[in-house]
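Descriptive structure summary
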Amino acid sequence: MELHRLGVKFFASDPASIHLEDLIPVFHGWIQRQVIPGHVLIDVHDYSHIQNGPGILLVAHEGNFSLDMSDGRPGLFYYRKTPTALPATEHIAAIVKSAVQACALLEKDAKVAIKMDEGLVIANDRLEAPNDEATLAELKPAVAAALQQVFPGAAFNLSRANSDPKERLAITVQRV
C-alpha cells in the first residue's frame, strides 16, 4: 500500500474552553516563528463559521494543522499531504510526532489542553485505503508500531471508527 495522505487527531480535554477566534493570532505567531520542525508554515484560514467543520486551519507545505471541530469533538488534527520517503511505520510515526508537537504548542500558546490517550488516524485516500476490514488489517500493524515509537511502553486498542464504505478509513486509537 502506497499511502502518504494520513491524518491524526487528538481530542481536546475541555471542549468548552476553546474559542476558535483566539487561535488565529496563535497560528499566525507559529508562521512568524516557523515553530514546527520539517514544515513550512504558510497561511491561516478561518472556517469557524462551519458547524462541525475544520475550525481554524494552519496551512503548511507538508500538511495542514487545524483545531478541528468535526463530529462535535474538537481536537488538534494534523493531515500530512506530502510523502516523507520513509517506510510506512516511520512515515506514520513522523505524522504522529508532528501532531504531538502541535498539541504541545497549542497547550503552551493557547492554553488548549489535548488528551493524548484517545485519537483517530484517518487515511485520506479512498483509492489506496478503502474503508474496509482488509485495509484496516494491512494498516493496523504499521499504526501500532508507529504509536510505540512515539509513546514507548504505551498500549493502544485500534479499531475502525465506522463501517460506511463511503467514509474515509478512520482508526480509533485508545490507550489501554
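Structure first, text after, so check above.
Positions within a chain are numbered from 1, following the residues in the order the chain's sequence is written. In keeping with the model being predicted, local features are shown solely for residues with a pLDDT of at least 70 and side-chain atom pairs are shown and tallied solely at 80 or more, while totals for entire chains, interfaces and linings include all residues. No hydrogens and no water enter the side-chain calculation; it runs on all heavy atoms of the structure.

Details of the layout of surface pockets
- As defined here, a cavity is a set of points on a 1 Å grid over the protein atoms alone where a 1.4 Å probe fits but cannot get out. A pocket is an open set with protein on both sides within 12 Å along at least five of seven lines, and residues line them when an atom is within 4 Å of a point. Grid points are joined across faces, edges and corners, and a volume is the space filled by probe spheres set on the points. Counted as a void, the largest pocket has a volume near 380 Å³.
- The wall of the largest pocket is formed by 18 residues, among which Ser-70, Asp-71, Leu-120, Ile-122 and Ala-170 lie closest to the centre.
- To qualify as a helix, a DSSP run of H or I must reach at least 4 residues; to qualify as a strand, a run of E must reach at least 2; elements of each kind are numbered from the N terminus. Looking at the lining of the largest pocket, the elements that each hand over two or more residues are β1 (6–12), β6 (114–123) and β8 (169–175).
- When residue character is reported, Ala, Val, Leu, Ile, Met, Phe, Trp, Tyr, Cys and Pro are called nonpolar, Asp, Glu, Lys and Arg charged, and the others, Gly included, polar. Its residues assigned to classes, the lining of the largest pocket shows six nonpolar, four polar and eight charged.

A look at unusual backbone geometry
- Look at Asn-52: it is not a glycine, yet its phi comes out positive at around 55 degrees.
- Note that Asn-52 resides in the loop between β2 (41–47) and β3 (55–60).
- Think of it in three bands: with a 1.4 Å probe and only protein chains considered, a residue is buried below 20% of the maximum accessible area for its type, exposed above 50%, and partly exposed in between. Classification of Asn-52 by relative accessible area gives partly exposed; the value is 41%.

Description of the side chain of Glu-62
- If you trace the backbone, Glu-62 turns up in the loop between β3 and β4 (63–68).
- Asp and Glu count as negative and Lys and Arg as positive, but His and the ends of the chain are not part of the count. The term salt bridge refers to a pairing of a side-chain nitrogen on Lys or Arg with a carboxyl oxygen on Asp or Glu at a separation within 4 Å. No salt bridge forms around the buried Glu-62; measuring N to O, its nearest opposite-charge neighbour Arg-80 is 6.0 Å away.
- Not counting chain neighbours up to four residues away, the residues in contact with Glu-62 comprise Gly-38, His-39, Val-40, Tyr-78, Arg-80, Lys-81 and Thr-82. The contact criterion used is simple: two residues touch if any of their non-hydrogen atoms lie within 4.5 Å.

Details of the side chain of His-91
- Tracing the chain through its elements places His-91 in helix α2 (residues 88–110).
- Taking the relative accessible area as the measure of exposure, His-91 reaches 4% and is therefore buried.
- Among the polar contacts made by the side chain of His-91, one reaches the side chain of Thr-84 at a distance of 2.7 Å.
- Apart from the residues lying within four places of it in its own chain, the contact partners of His-91 are Leu-3, His-4, Leu-6, Arg-80, Thr-82, Pro-83, Thr-84 and Leu-86. Polar contact criterion, stated in full: a pair of N or O atoms within 3.5 Å, where within protein one must be able to donate a hydrogen and the other to accept it, and residues adjacent in sequence count only if both atoms are side-chain atoms.

Points about α2
- To estimate the expected span of a helix, subtract one from its residue number and multiply by 1.5 Å. When the terminal C-alpha atoms of α2 are compared, their 32 Å separation across 23 residues agrees well with the 33 Å that a helix rising 1.5 Å per residue should span.
- Buried within α2 we find Thr-89, His-91, Ile-92, Ala-93, Ile-95, Val-96, Ser-98, Ala-99, Ala-102, Cys-103, Leu-105 and Leu-106.
- Those residues of α2 that are buried are in contact with β1, α1 (20–33), β4, β5 (75–80), β6 and α3 (133–150).
- One or two residues past the end of α2 sits Lys-111, with phi positive at roughly 55 degrees.

Topic: the packing of aromatic side chains
- In this analysis, rings of Phe, Tyr and Trp, with Trp reduced to its six-membered ring, are considered paired at centre separations within 6.5 Å, and the interplanar angle assigns stacked below 30 degrees, edge-to-face beyond 60, and tilted for intermediate values. Within the structure shown, the criterion is met by four aromatic pairs.
- A ring pair is formed by Phe-151 and Phe-156, whose centres lie 5.7 Å apart and whose planes are at 55 degrees; its orientation type is tilted.
- Each residue in the set Phe-10, Phe-151 and Phe-156 is aromatic and connected to the rest through ring pairs, giving one cluster.
- Here the guanidinium or amino end of Arg-73 rests over the ring plane of Phe-11, the centre of that ring lying 3.7 Å away.
- In this arrangement the basic side chain of Arg-175 is found over the ring face of Phe-151, its NZ or CZ atom lying 5.2 Å from the centre. Note on criteria: charge over ring means Lys NZ or Arg CZ within 6 Å of the ring centre, with the direction from the centre no more than 35 degrees off the ring normal.

So, the pairing of β8
- For β8, the tally of buried residues reaches five of seven residues, placing the bulk of the element in the interior.
- Note on pairing: DSSP must find at least two bridges between two strands before they are called paired. Here six bridges tie β6 to β8, and the two strands are oriented antiparallel to one another. What sits directly across from Ala-123, in β8, is Leu-169.
- As paired elements, strand β7 (residues 156–160) and β8 share five bridges and run antiparallel to each other. By the bridge assignment, Leu-158 is partnered in β8 with Val-173.

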